[in-house]
Structures are given as structure tokens and as C-alpha cells.
Amino acid sequence: MGPRCSQRFDVWLLELFSLILLVARTVQSQGLEAIEIKGSKFFFPSNGSQFFIRGIIYQQVPSSDDGSVATNLARASADNLYVDPLTDGSACVRDIPYLQKLRINVVRSYGIDPGRDHSSCMNDLANAGIYVLADLPAPGLTISDKNPVWNDALYDRYTQVIDAMHNFTNLFGFIIGDNVIQGISQDDAGPYVKAAVRDMKAYIKQKDYRMIPIGYVNDLLVGNGAVIDPVSKNTWEYLNCGNANETIDFFGGNAVSFCKDSSFQTSGYKNATEELSNYSIPTFLASYGCGQRVNRDFDEIQVIYSTKMTSVWSGGIIYEYFQQDPEPGYGLVLVDSTDVSTLGNFRDVSTNMASQSPRSVASASYQPSNTPASCPAAGATELPPNPRAAVLPANSSTSTSPIESPSATAPPLQTTRDGLSSGGKAGIGIGVAIATIAIAAGLFLLHKRRNARSKQNGDNSGQWNKSELAANHVDREDRGYIHMAASHPRAEMDGAMVDREAPTDRPVVEASAESEIRSELPARLNGVSTKD
């Protein structure tokens, strides 16, 4: 084997081992299985144990000169500006240890940028046992309660988010809207949201993606009181009734009425639990925490995961992780670049959450008995058309969907696509990695054996003389290698990765496997410093 061939072989072998490491990392990140829905509950498919959401809002808003949240949200809405926290891998690494100290297993992000790469953050979250609940709308691109529309721009926005996020099995589901329905008649937002649900389900099926749940979020109570909002009740019934191709797969309720000295009864939690006790799909608190900042102690966590609520509710999501503005703010941490400082309620949440062990039911022994709601009399029966119906294949229909609304006799909603299970995919990945390693090892041994034979036979082909070296130098310079060496790949990457949009053809790393959720952190995530 000549010197140049030997050198090229070494380079090729090094690249092959780099590929092996990449495959191994991908297989490792596939340790979080997709959650399934059966009746009104969430389950782990591998062992059938019930899943309770211990979530938190993980979303930042754009900064402004005065630091006002109201100004930031207005700016985001007016200029379509928002921060996608799932595109910043280093920030996720910074925050994951704190999320784990809070015992968080779901984060909700409502500013997804479909043009950016989410693989680093999503895989690190998966490795930490954390799922993501992603909103399809964006500021300025959402169905509105005033003059609602369902048009090409909204359809494209929603499908782009689905395309960007569907591959991750720690994607818990999509939210189609939050508190935008103020009525369900023909001219209200209700039928437009229902049409969006219908078309997104059809799109997921058309693209042959795994069956990802789609849900909706609405306020539960009137103000901070204990009275059920009648508009909200009509909404959750309307989105749960009729054609299963048009109905939501879960419902999230906003409730910020539980403050210091509140109780299950006085907070309105009791009324909400009773009203939703016959709901046929999973429900959870999509945003909770006292609406009065000074009266927050998060003792409601003890109620949410108690038997008073777990027969109906599947946990809840705290508002919120980031401190968005000066006092009075609602965040649990204050972030300054790479530094994280925990605030007073951080310890309240961590302490309360650590003591929770909700009573659960096994999937095998759970027989759903609730049925879909009856449609309210005021609810519109005719929905807006699919704005992209003309571009769908001839065999597609806006009335078809991969997700059937679970009922007493229906099988569980599997959030993995028909065919290979997540465990099967992981097995294939591991098999590919092992085969690749075996091939590389064989080639490496063959290369070493040939070199040994060359030395035994007195082969001097591995020793370059000065004339060969000079010729090779000229040859490399002619082909640009000398100039390439001046541009180190790392330096080029450091400059190019700043605020760069991911190429549209970049493959998204899928985080799939069938195994228990791992609570241990990678070595680079250890060493949390809590500063109260």
C-alpha cells in the first residue's frame, strides 16, 4: 500500500469513526418514547404506566428598551418577532439542570421558528426525560377571536411547524390555539379552530407522520374566581363533539385562581373537576400559578396531584420558567447570558413537586367509559374549507384524519406511526451502529496487517524522500489544500452558526426508542448551583 493510499485510508477511517460516534449519539438520544392516549389519560406505551404532566412554560419574549412584558408582547404581535428557545442548544444545556431540580417532564413553548434547527435542544431534553408541547401559531399568525379567518398563511405556518417538529418522539403534541374562541357560532372563531384541527390531522396523515395529538387551551374560570366560564364550557364541548376527524385530542385549561390560603373549593378547582369529570379525552391545567404575584406559594401542586383531581386531570403546566420583566414578575429564574439565578418561588415549586407521587392506573386495567360530548345547540356545523385543498393529492380528503377520538371501545391513540415501534427503530439504529463498528474494525485490522507485511518485506514505500515531498507540496498547493488549511473548520463554523437559519434539506435527528425515561444527566449538565 503506497504512502498516499495509506494516508487517504487513515483519513477515511477517521471519518468513519466520526460517523460511528454520530450514530451512537443518535441512538442514545432515542431513549424517550412517544406518549400514547387511551380514553382520558396519557400512558407510556412500553410499560403501560400512567403519565402525569409536571410542566412549565418555557418561553421568552423579545426584549425592549423598557423591559415591559406588555410592550414586548405588543412588539412581537405587531412585527412577528418572537424568541424560539428550542433553537439555542447552549441555553437548553444551561437550563435543563434547573428544570430537573423542579422535577419537570414537559415544557411548553409557543414561539416555534420552523426555519431553525431544533435537534440539539430536543435531543438534550429527551436525554433528560423532558417532553415538549409546541404551539402551532405564532404572534401575528393565529386564528383571532375578532374577524377570524382560516387561510393560506395560517395553513402554511401550522404545517411548517409540524414539518419541523414531527420527527422528535419527545414532542408531546401540538396546541392549535390558546384562548382565541369567544363563541362557537358560524361567525365566531370556534368553527375556524375546528377546521384547522381537521386540516392539520389530514396533513399529518397525508405526510405519513406518526400520529401526533393536537389540542386546544382555554380559560376555565371567570377572572380569578371559582365560577366556570360558560364560553369555555361551550368551547370544550364543541371541540369534543361530532366528527372525530375534526375534534381535539386533549384539552388544556388555564386557571390562575389558586393563591395563598386558597383551597380545592375556593379556587374553583372543584367546580372545574366536576364539570370535566365526563370528558372523553385527557385534560390538564395548561397554565397555573396565582395571578397575583405576591400571593404565589404553589401549594396547589399538592392538590393537582392528589386523588381529588388525578381521576380527571393529568397534571399541569406552571406559568412560568423565565422572569420576563421587573417585579412583579412570574418567573422562577432570572437568566443573564450563561448565568441562572433562582428566585423565591423556585424553592416552593421544587419542594412541593418533590413530594408528589400521584395515584395512577395501569393502561391494561383501565377501561375508558366516557364518551364524546354532545354538540352545543349554538355550535356551527358547517366549517370553513381547507385553504390548501387544491394542492392535496386526489386521494386525500379534508375529512380524513389519522387520529380517532378515543371512546370506551376505541383502542389507545398510539402516538407512534403504524409500523415499527419506537423500540424497533432503536433496535435498528443499534444494529446499524454495531454493524458499522464491526466493518470499521475489520478494515482497521486489515490495514494494520498490510503495514506489518510491508515492514517485514523491507518495503520503503512508507518513507517519503525530499523530492516526493516537494512534488506532493506543489500538487496540494495547486489543488488549494494549502489555502484550505488556513481556514480552520472550527473558526468557520463559529462564525457561520451565529443566527444562521438551518438549510431546508438538513435532516432532523429523530429521538426515538423504547426504554424507561432516564433521570440521569449527561456529564456536561451536572453541577447546578442554586442561588435563592
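Before reading on, note that the structure itself is shown above.
Here goes a summary of the coordinates provided. As the structure is a computational prediction, the values presented were derived from the model and not from experiment.

Rules of the game
- Per chain, residues are indexed from 1 in the order of the written sequence.
- Residues qualify for local features only when their pLDDT is at least 70, as the model is predicted, and side-chain atom pairs are given and counted only at 80 or more; totals for whole chains, interfaces and linings, by contrast, use all residues.
- The basis for every side-chain value is the complete set of non-hydrogen atoms in the structure, without hydrogens or water.
- The rule is short: rings of Phe, Tyr and Trp, with Trp giving its six-membered ring, pair when the centres are within 6.5 Å, and they are stacked under 30 degrees, edge-to-face over 60, tilted in between.
- Residue burial is assigned from relative accessible area. The probe radius is 1.4 Å, only protein chains are included, and a residue is buried under 20% of its type maximum, exposed over 50%, and partly exposed in between.
- Runs of E in the DSSP output that reach at least two residues are strands. Runs of H or I that reach at least four are helices, and both are numbered from the N terminus.
- By definition here, charges over rings are those cases where NZ of Lys or CZ of Arg is within 6 Å of the ring centre and within 35 degrees of the ring normal.
- In this description, strands pair whenever DSSP reports at least two bridges between them.
- One speaks of a salt bridge when a side-chain nitrogen belonging to Lys or Arg is within 4 Å of a carboxyl oxygen belonging to Asp or Glu.
- Every axis corresponds to a line fitted to the C-alpha atoms, with the helix fit spanning only the stretch in contact, and the corresponding angles, defined between N-to-C directions, vary from 0 to 180 degrees.
- Orientation labels follow simple angle bins: below 35 degrees gives roughly parallel, above 145 gives roughly antiparallel, 65 to 115 gives roughly perpendicular, and whatever is left gives oblique.
- Left-handed describes a crossing in which the near helix is turned anticlockwise from the far one by less than a right angle; the clockwise case is right-handed.
- Working rule for contacts: check all heavy atoms of both residues, and any pair within 4.5 Å makes them a contact.
- Here the nonpolar group is Ala, Val, Leu, Ile, Met, Phe, Trp, Tyr, Cys and Pro; Asp, Glu, Lys and Arg are the charged ones; every other residue, Gly included, is treated as polar.

This part is about the packing of aromatic side chains. Inspection of the entire model under this criterion finds 20 aromatic pairs. Geometrically, the ring pair formed by F44 and F51 is edge-to-face, given 5.3 Å between the ring centres and 85° between the ring planes. Looking at F44, the relative accessible area reads 14%, which means it is buried. Arranged with centres 5.6 Å apart and planes meeting at 35°, the rings of F250 and F284 form a pair that is tilted. With F250 in strand β9 (residues 250-255) and F284 in strand β10 (residues 283-288), this residue pair connects regions lying 34 residues apart in the sequence. Counting every residue linked through ring pairs, the aromatic cluster contains F42, F44, F51, Y131 and F172. Stacked on the ring of Y238, the Lys or Arg K194 has its end atom at 4.2 Å from the ring centre.

Right, let's talk about the sheet that holds strand β2 (residues 41-43) for a bit. Strand order in the open sheet formed by three strands is β1-β2-β3, with antiparallel pairing between adjacent strands. Among the strands making up the open sheet, the edge pair consists of β1 (36-38) and β3 (50-51).

Before going further, it helps to spend a moment on the pattern of salt bridges. When the charged atoms of two side chains lie near each other, side chains of opposite charge can form a pair. Per the stated rule, a full pass over the model turns up nine salt bridges. Between D156 and R388 there is a salt bridge, with its nearest N and O atoms 2.6 Å apart. Remark: R388 occurs in the loop between α10 (344-354) and α11 (422-456) and D156 occurs in helix α5 (residues 152-165); sequence separation between them is 232 residues. The partly exposed category is assigned to D156, whose relative accessible area is 24%. One network of salt bridges, in which partners are shared, links R108, D135 and D178.

Below, the discussion takes up the packing of helix α3 (residues 89-101) against helix α4 (residues 119-127). In the contact formed by α3 and α4, the axes pass within 9 Å of each other and the chain directions differ by 20°. Compared by their axis directions, α3 and α4 come out roughly parallel. The two elements α3 and α4 cross, and the hand of that crossing is right-handed. Packed against α3, whose contacting residues are G89, C92, V93, I96 and L99, the element α4 presents S120, C121, D124 and L125 at the interface. Here the contact of α3 with α4 is composed, by residue class, of six nonpolar, two polar and one charged.

Treat this as a map of the structure, not an account of what it does.
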